[in-house]
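Notes for the structure review
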Amino acid sequence: MPAERPPRSTVFRGGLVVTQDAARRVRRADVRVEGGRITDVGEAGTLRAEETVDAQRRLLVPGFINTHTHVANAPLRGIADDRDLAGFLETMFAVDARATDETIEAGAAQGIAEMLLSGTTSFLDLYYGEDAVARAVERLGIRGFLGWAVLDAQFTTQRGVPLDNARAFLGRWKGRPRVTPLVAPQGVYVCSEDTWLGARDAARAAGTFCHFHLSETRKEVHELEAKVGDRPVNWLERIGFLGDGMVGAHGVWLTRREVETLARRRVGIAHCPSSNLKLATGGIAPVVELREAGVPVGLGTDSSASNNSLSMLREMHVAGLLQKHHRWDATALPAQTLLDLATVEGARLIGRADDLGSIEPGKQADLVLFRLDHPTLAPARPEAVVSHLAYSASEEAVDSVYVAGEPVVRARELVREPWERLRAAAERAADHLWAPR
Ligand SMILES: [Zn+2]
């Protein structure tokens, strides 16, 4: 078992630091880390520690927070492209029925590798079989906020009662440094009132929160309206589900009144623009209105089968372009805001604003070191690097990644396990899932 925390203090010497502090300063600085946390950000060349990392040719950025995915689907990349959501889901459900603990863990490890290598240090997941995902999280050293999927008994492929499974999962993974267990109602199309309220109660009792799909498609909104006479947010409010700290994914088809309700209930939204565009969701999430109303918004890649990338760099790029184009407004979601969504705002969305999302004393040392000499980061001027991160930086520019001060990627190689081994296991999982014998 690898050590959870490096024993020594470290100074990252003289890098260009995108602090994401309150003033959004970008500065040449030393960053000192001890016990997994940042203890100091000071003038370059002034801080001391037992270990020194030369960061002069590096851009230091807070680790990205991917606020919605289904990481175990990584081996399903390309299996259901270019179909509408109904056709996509049909394939996904058929393949899901073939998943085993082994394919889930191997798939999660593949997805986590891709996330770490593109600078993501925390992710929110929605799936069943999350024990296997949690094992992959602990093996590779990323932070996983893992939501056990709950839905009505007649819709599930889970063995046993989903809500009981979720409660047991919460109990098993409580108090781990890298795993935070959540409860994840799948969506209004498969969850009854009892399931929603049971999920809320289970999360509350365990001191955690709910993560769920919300108003992704027009179909789901119209079908619920036909059934109960209300749109999803209005109905969830009516049954008393909505509450502090919850995270809905997508939030595409929302009315102004629903946006106000989310703000009042302090429910946030994980915006997943690539997945929405690829599945031709049609609508565009009202990200600007959500933010103006005070709703916390983060960015999510959704799964490898619907995006098909797990890179937050790409997600920032797409999110920015989509809102600008759609609103006829080039000032919508500027580069700084896009980086905020991927870092500090993502941290706020998952209730970890005090702990994650910026390079400041007291925060977890979740750091990404980009190569400042990479072509996609040139010119490497302090006033331009935030723009580069949002619009041009390649995943290949990520040199090393630290979680809680521990190196998990170094010189573009995973530290804890070799990619070649993870790849072989993921290919075996894909063989089983794509063409079962
Ligand atoms: Zn999803």
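That block above? That's the structure.
As the structure is a prediction and not an experimental result, all values here were calculated from the model.

In this model, helix α2 (residues 101–117) (17 residues) spans 24 Å end to end at C-alpha, consistent with the 24 Å of a helix rising 1.5 Å per residue. In terms of burial, α2 is a largely internal element, 14 of the 17 residues being buried. Among the residues trailing α2, G119 stands out with phi positive, at a value near 95°.

Our focus in this paragraph is the pattern of salt bridges. Considering all chains together, one arrives at 37 salt bridges under this definition. We note a salt bridge from E420 to R423, for which the minimum N-O separation is 2.8 Å. Of this pair, E420 and R423 both sit in helix α15 (residues 419–434), three residues apart, which is roughly one turn of the helix. With its nearest N and O atoms 3.6 Å apart, the salt bridge here joins R423 to E427. Of this pair, R423 and E427 both sit in helix α15, four residues apart, which is roughly one turn of that helix.

Ideal geometry at a metal centre gives angles of 109.5 degrees when four donors are arranged tetrahedrally and 90 or 180 degrees when six donors are arranged octahedrally. For the zinc ion, the protein coordination sphere consists of H68 (NE2), H70 (NE2), H213 (NE2) and D302 (OD), at 2.1 to 2.7 Å. Around the zinc ion, the four donor atoms are arranged such that angles at the metal cover 79 to 177°; this shape is classified as irregular.

Summarising burial for strand β16 (residues 406–410): four of the five residues are buried, a large majority. Two successive antiparallel strands, strand β15 (residues 398–403) and β16, enclose a turn made up of two residues, where A404 displays a positive phi of approximately 50°. Here two bridges tie β16 to strand β17 (residues 413–414), and the two strands are oriented antiparallel to one another. The partner of V409 across the bridge, within β17, is L414. Remark: two residues form the turn of the hairpin made by β16 and β17, two consecutive strands paired antiparallel; A411 in that turn has positive phi of roughly 50°.

Moving on, we come to the sheet that holds strand β8 (residues 143–150). Reading across the sheet, the four strands line up as β6-β7-β8-β9 and stay open at both edges, with parallel pairing between neighbours. Both edges of this open sheet fall to β6 (64–69) and β9 (179–185), since each of them pairs with a single strand only. Direction aside, neighbouring strands of the sheet carry axes that sit 15° apart on average. Relative to β8, strand β7 (residues 120–127) is paired through six bridges, and the arrangement is parallel. In the sheet register, L124 faces β8, and the bridge partner there is F145. Packing of helix α4 (residues 162–172) onto the sheet brings it into contact with β8 and β9, and relative to β8 it is tilted by some 155°.

Rules of the game
- Residues numbered from 1 in each chain as written.
- Predicted model: local features only at pLDDT ≥ 70, side-chain atom pairs only at ≥ 80, totals over all residues.
- Heavy atoms only, no water.
- Helix = DSSP H or I, 4+ residues; strand = E, 2+ residues; numbered from the N terminus.
- Expected span 1.5 Å × (residues − 1).
- Buried < 20%, exposed > 50% of the residue type's maximum accessible area, 1.4 Å probe, protein only.
- Salt bridge = Lys/Arg side-chain N within 4 Å of Asp/Glu carboxyl O.
- Donors = N, O, S within 2.8 Å, 3.2 Å for Na, K, Ca; no water.
- Tetrahedral: all angles 85-135°; square planar, octahedral: opposite > 155°, others 65-115°.
- Pairing = 2+ DSSP bridges.
- Axes fitted to C-alpha atoms, helices over the stretch in contact; angles between N-to-C directions.
- Contact = heavy atoms within 4.5 Å.

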